[in-house]
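# Observations on the model geometry
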Number of protein chains: 2
Amino acid sequence: MQVPCYECELRSCGLFKRITPDELGSINEIKREHLALPAGSEIIRAGDESPELYTLYAGWAFRFKMLADGRRQILNFLLPGDLCGLQAAMFDAALYGIEALTDVEICVLPRRKVWTLFDQKPGLAFDVAWLGAHSKSLVDENLTSVGCRTAAERVAALIVMLYKRLKLLGMVAADSSFEFPLTQQHIADALGLSLVHTNKTLAKLRRLGMFKLAKGRLTLANPRVLARVALYFDEEVPQRPLI
Amino acid sequence: MQVPCYECELRSCGLFKRITPDELGSINEIKREHLALPAGSEIIRAGDESPELYTLYAGWAFRFKMLADGRRQILNFLLPGDLCGLQAAMFDAALYGIEALTDVEICVLPRRKVWTLFDQKPGLAFDVAWLGAHSKSLVDENLTSVGCRTAAERVAALIVMLYKRLKLLGMVAADSSFEFPLTQQHIADALGLSLVHTNKTLAKLRRLGMFKLAKGRLTLANPRVLARVALYFDEEVPQRPLI
DNA sequence: CGGTTCGTTGAAGTAACTCAACGGCTGTGG
DNA sequence: CCACAGCCGTTGAGTTACTTCAACGAACCG
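Residues numbered from 1 in each chain as written. Chains lettered and ligands numbered in written order. Predicted model: local features only at pLDDT ≥ 70, side-chain atom pairs only at ≥ 80, totals over all residues. Heavy atoms only, no water.

## Regarding the relation of the copies chain B and chain A
Mapping between the two copies of the chain is achieved by a rotation about an axis and a shift along the axis. Note on the identical chains: chain B maps onto chain A by a rotation of 180° and an axial translation of 0.0 Å, with an RMSD of 0.0 Å. In the structure described here, the two chain copies are related by an operation that fits a two-fold rotation axis. (Least-squares fit on C-alpha atoms with pLDDT ≥ 70 in both.)

Here you go:
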């Protein structure tokens, strides 16, 4: 347990709802480990029963489903502060996989202890439910993209959504640039597009001057314009709580 | 409050986790009303702040998002026993709409009272979170359909999924037939297909003998075959709890 | 160096879309 | 009673957005 929850950097950036020192202490008590995993690791494997709940402390990950014939759908991307495997912990088997996109660090919370903690600190139960609902709203948004938007609109929507989330995390530089570790295959699998068409769509948006992409870093020309392309009904990302 | 929770028909069909009489009594206490609404009613309007949480007692509904230019994506369908507006109740504004597909009856639970109830009965908080997670898994499945499957596979997957859910509710007859109130426009909007193509795809599956559809009732020839068409990794729908 | 992964581009094919028209059914109002 | 409008489903024809196939260059690594 290298990093006590008291000193969690995620907490200090104002990301989480203020929780009582009492609650924080309880979380710290059940936190079992702080693990580092390399890019490509499977954090949760579909079909496994997962005895643990994780929070992503550093790095990127993604949640996905596979079809019987091997096609893959990326459901959403996970950023620091996100819970991994809430559903998996509530059901008996995970219905999806979670893979580390970059090197990651995760905090391990034993499932049983989390549930018993709820009995003592009901406020935390609300917060966990909140995080689950937030993550669901990301999937909703992605489904809307894949179901309704054209290829260019989907790419724009994905980038804008990541931009907004990273901005809340303080991971966007002053020039509107941020780390962008996705390969084009990831983007294709998230948006329900072929690899080739994803490439051509990205090229088109780049030629239009919507953004630059070099050395794993994406620089946005103008977030508002891109949001317009994505046809957003301008809804804001809600404020976030806990863990 | 015509129907006390004690006598709830949903409860009697073994659908929900056994909860203590004490918990049940608490739910009954905060239940405010039992409302009947005609088909087409908006149960939740996107953008509204919703002071209430509902449970769908009878009838069908659907949750959807609209794009700026009017395109609609149906996120998932709601059946008796499902919660309406959990996300909406946790955030300050609903990010989606919910519309009654048939005439419906809903139980009204004032939002504030639900949260305070959690403090007294933490077990219920877990159950609500469970229901939220379950609903999310439906969206995951739908996203996988829209992102990965062909039109015929999507239609098959949708029908199989509804069949499985209705079966758990005891709403499937001995001949594998069930009420099917969706118009082709609903199916199209849920699957990210055009109306015309949805029609042609349905016709094709019908010609192949996968199912019959007449007078708002769908009869499945063989659920297993349809599941095969949908390319399911045979995952079972988990057992359900509460409210 | 050769192997691997990732990005790029051209060309040909197809699944799904749009447009358009029509038939059946239901409810409404003269 | 018929006339008419509105909704839903159906079908044909032409178009397009996206897919698949194939090949190649750049970067990275053992």
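Anyway, onward from the coordinates.
## Concerning the sheet that holds strand 9 (residues 177-179) of chain A
All names here are of chain A. As summarised here, the arrangement of the 3 strands in space is 9-11-10, forming an open sheet in which the pairing is antiparallel. In this open sheet, the two edge strands, each paired with only one partner strand, are strand 9 and strand 10 (211-214). The sheet shows a mean angle of 20° between the axes of neighbouring strands, direction not considered. Bridge analysis of strand 10 against strand 11 (residues 217-220) gives 4 bridges, and the strand direction is antiparallel. Note that in strand 11 the partner of Phe 211 across the bridge is Leu 220. The sheet strands contacting helix 6 (residues 151-168) are strand 9, strand 10 and strand 11, and the helix crosses strand 9 at an angle near 90°. (Pairing = 2+ DSSP bridges. Helix = DSSP H or I, 4+ residues; strand = E, 2+ residues; numbered from the N terminus. Axes fitted to C-alpha atoms, helices over the stretch in contact; angles between N-to-C directions. Contact = heavy atoms within 4.5 Å.)

## Description of the interface of chain B and chain A
In this assembly, 49 residues from chain B lie in contact with 48 residues from chain A. Here chain B and chain A share an interface that buries about 4,400 Å² over both sides, 71% of which is from carbon and sulfur atoms. On the chain B side of the contact with chain A, Met 90, Lys 136 and Leu 143 of chain B bury the most area, a combined 15% of that side's loss. As a salt-bridge pair, Asp 140 of chain A and Arg 63 of chain B come within 2.9 Å of each other at their nearest N and O atoms. Here chain B is connected to chain A by 12 residue pairs in polar contact (both at pLDDT 80 or more). Those elements that provide at least two residues to the side of chain B that touches chain A are strand 4 (61-66), strand 5 (72-78), helix 3 (86-90), helix 4 (111-120) and helix 5 (122-148) of chain B. Split by residue class, the side of chain B that touches chain A holds 25 nonpolar, 12 polar and 12 charged. (Buried area = accessible area lost by both parts, 1.4 Å probe. Salt bridge = Lys/Arg side-chain N within 4 Å of Asp/Glu carboxyl O. Polar contact = N/O pair within 3.5 Å; in protein donor to acceptor, adjacent residues only side chain to side chain. Nonpolar A, V, L, I, M, F, W, Y, C, P; charged D, E, K, R; others polar.)

## With respect to the packing of helix 6 (residues 151-168) of chain B against helix 8 (residues 195-207) of chain B
Helix-helix packing: each pair is described by the crossing angle between the helix axes and the interaxial distance. All names here are of chain B. Two elements in contact, helix 6 and helix 8, have axes separated by 9 Å at closest approach and are oriented at 75°. In this view, helix 6 runs roughly perpendicular relative to helix 8, as classed from their interaxial angle. Along its contact with helix 6, which presents Ala 151, Ala 152, Val 155 and Ala 156, the element helix 8 presents His 197, Thr 201, Leu 202 and Leu 205. Looking at the contact of helix 6 with helix 8 residue by residue, the classes come out as 6 nonpolar, 2 polar and no charged. (Parallel < 35°, antiparallel > 145°, perpendicular 65-115°, else oblique.)

## Remarks on the protein's contact with DNA strand C
Taken together, 13 residues surround DNA strand C, and among them Gln 184 and Asn 199 of chain A together with Ala 151, Ser 194 and His 197 of chain B come closest. Taken together, the sugar and phosphate atoms account for 61% of what DNA strand C places within 4 Å of the protein. Between DNA strand C and Ala 151 of chain B there is a distance of 3.1 Å, counted from a phosphate oxygen to a backbone nitrogen or oxygen. Between His 197 of chain B and DNA strand C, the recorded distance is 3.3 Å, taken from a side-chain N or O atom to a phosphate oxygen. Where the surface near DNA strand C is concerned, the elements lending two or more residues are helix 8 (195-207) of chain A together with helix 8 of chain B. If one sorts the elements of the surface near DNA strand C by residue count, helix 8 of chain A sits on top with 4 residues. (Near = heavy atom within 4 Å.)

## Comments concerning the protein's contact with DNA strand D
Around DNA strand D, 13 residues are found, and the nearest of them are Ala 151, Ser 194 and His 197 of chain A together with Gln 184 and Asn 199 of chain B. Of everything in DNA strand D that lies within 4 Å of the protein, sugar and phosphate atoms constitute 60%. Here a phosphate oxygen of DNA strand D sits 3.3 Å away from a polar atom, N or O, in the side chain of His 197 of chain A. Those elements that provide at least two residues to the surface near DNA strand D are helix 8 of chain A together with helix 8 of chain B. The element that contributes the greatest number of residues to the surface near DNA strand D is helix 8 of chain B, accounting for 4 residues. Class assignment for the residues of the surface near DNA strand D results in 4 nonpolar, 7 polar and 2 charged.

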